Amino acid sequence: MTNATKSRKRSGRPTKQARRQAEQRAARQRTLWIAVALLGVAILVGAVLLSGGDGDDGSATGPAGPVTIDRGPGAQLEIGDAVPAFSASGLDGGTVSWSDYEGAPAVLVIWASWCPHCQAELPILVPAVQAREGVGLVSVTTAVDQQPGPTPSEFLADEGLTLTSAVDDGAGTLMQGLGVSSFPTVYYVGADGTVVNVTVGESSEAAIESNLDALQAG
């Protein structure tokens, strides 16, 4: 065999063994990259779980404690119906219970911070109720983070409002138990714990004042 022939053989296609070795190297590289990617995902998920999924501003997507209500999902409460006992974690900590407001007239507001009608009504409703001596005010903030918009804490801070709020859970246990399907829903409740009036959707200042007059007169 001439030197020219040997040269052509050396410069020809790779042998089967060389191709097999190259494929094995490529497979090992792919396996390594997949392992690195999976490790990165595991680290990210672990970080989210450890942080509880919350921001540093305390705007949690759900309550820290149990949510209870003495009524299952049902229709909207009507005039004369008793407000069911409920309890949940408060937006500012602690526990908010309806039992703390029994025995005196009270206004119960169910709202979502991203709801434009809530954003329009609460800055009128909250100070109007707080100006009425002897009338309690408590709320349930629900459907948290279900639509774009401020968190409950952000909304109240932006509007300069102080409002005791129970935080509903992701299943809407309080919302459903109180028969709420639209926001805001406001129950005007007499001292005996029964509904005197109910409004759904945005109310005018005049309507709010009229409802408060009727509540106190009762």
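The following paragraphs examine the structure supplied in this document. (Residues numbered from 1 in each chain as written. Predicted model: local features only at pLDDT ≥ 70, side-chain atom pairs only at ≥ 80, totals over all residues. Heavy atoms only, no water.)

All right, on to the packing of aromatic side chains then. Taken as a whole and judged by the stated rule, the model has four aromatic pairs. Each ring, one from Trp98 and one from Tyr101, has its centre 6.4 Å from the other, and the planes form 20°; the classification is stacked. With respect to class, Trp98 is no different from Tyr101; both count as buried. Taken together, a centroid distance of 6.0 Å and an interplanar angle of 85° make the contact between Trp114 and Phe183 edge-to-face. Here Trp114, found in the loop between strand S4 (106-111) and helix H3 (116-130), pairs with Phe183, found in the loop between helix H5 (173-177) and strand S7 (185-189); they are 69 residues apart in sequence, far enough to count as distant. Here a set of aromatic residues connected by ring pairs shows up, and it is made of Phe86, Trp98 and Tyr101. (Phe/Tyr/Trp six-rings, centres within 6.5 Å; stacked < 30°, edge-to-face > 60°. Buried < 20%, exposed > 50% of the residue type's maximum accessible area, 1.4 Å probe, protein only. Helix = DSSP H or I, 4+ residues; strand = E, 2+ residues; numbered from the N terminus.)

Residue placement: Asn211 occurs in helix H6 (residues 205-217). Leave out the neighbours within four places in its chain, and Asn211 touches Tyr188, Asn197 and Thr199. (Contact = heavy atoms within 4.5 Å.)

Take the pattern of salt bridges next. Pairing of side chains with opposite charge becomes possible as their charged atoms draw close. Overall, the coordinates contain two salt bridges when judged by the stated rule. The shortest N-O distance in the salt bridge between Glu209 and Arg132 comes to 2.6 Å. Here the residue Glu209 occupies a position in helix H6, and Arg132 occupies one in the loop between H3 and strand S5 (136-141), the gap between them amounting to 77 residues. Here Arg132 falls in the buried class, since its relative accessible area comes to 14%. Of the charged contacts in the structure, one is a salt bridge between Asp213 and Arg132, with a shortest N-O distance of 2.8 Å. Taken as a pair, Asp213 in helix H6 and Arg132 in the loop between H3 and S5 lie far apart in primary sequence, 81 residues in all. (Salt bridge = Lys/Arg side-chain N within 4 Å of Asp/Glu carboxyl O.)

Next up on the list: the nonpolar core. Counting 48 residues, the largest nonpolar core has Trp98, Val107, Leu108, Leu122, Leu178 and Phe183 as the members making the most contacts within it. Excluding residues within four positions of it along the chain, Phe183 makes contact with Ile110, Trp111, Ala112, Trp114, Cys115, His117, Cys118, Thr142, Ala143, Met175 and Gly201. (Core = buried A, V, L, I, M, F, W, Y, C linked by side-chain atoms within 4.5 Å.)

Here we take up H6. When the terminal C-alpha atoms of H6 are compared, their 18 Å separation across 13 residues agrees well with the 18 Å that a helix rising 1.5 Å per residue should span. All of the buried residues in H6 are Ile208, Asn211, Leu212 and Leu215. The buried residues of H6 occupy an angular sector of 100° when projected down its axis, which confines them to one face. Those residues of H6 that are exposed and angled more than 90 degrees off the buried face are Ala206 and Ala217. Buried residues along H6 sit in contact with S4, H3, S7 and strand S8 (195-200). (Expected span 1.5 Å × (residues − 1). Arc of directions from axis to C-beta.)

Note that Leu125 resides in helix H3. Classification of Leu125 by relative accessible area gives buried; the value is 0%. Taking the C-alpha atoms as reference points, Leu125 and Glu209, 84 residues apart in sequence, are found 8.6 Å from one another. Once residues lying within four places of it in the same chain are set aside, the contact partners of Leu125 are Val109, Val186, Tyr188 and Ile208.

Another point: the pairing of S4. S4 sits mainly inside the fold: six of its six residues count as buried. Residues Ala106, Leu108 and Ile110 point to one face of S4 and Val107, Val109 and Trp111 to the other, with burial holding for every one of them. For S4 and S5, the ladder comprises six bridges, and the chain directions are parallel. Note that in S5 the partner of Val109 across the bridge is Ser139. For the segment spanning S4, H3 and S5, crossover handedness is right-handed. Direction of pairing for S4 relative to S7: antiparallel, over a ladder of five bridges. Residue Leu108 lies in a different strand from S7, and its bridge partner there is Tyr187. (Pairing = 2+ DSSP bridges. Right-handed = clockwise from strand over helix to strand, strands pointing away.)

Purely spatial values, then, with no claim about function.
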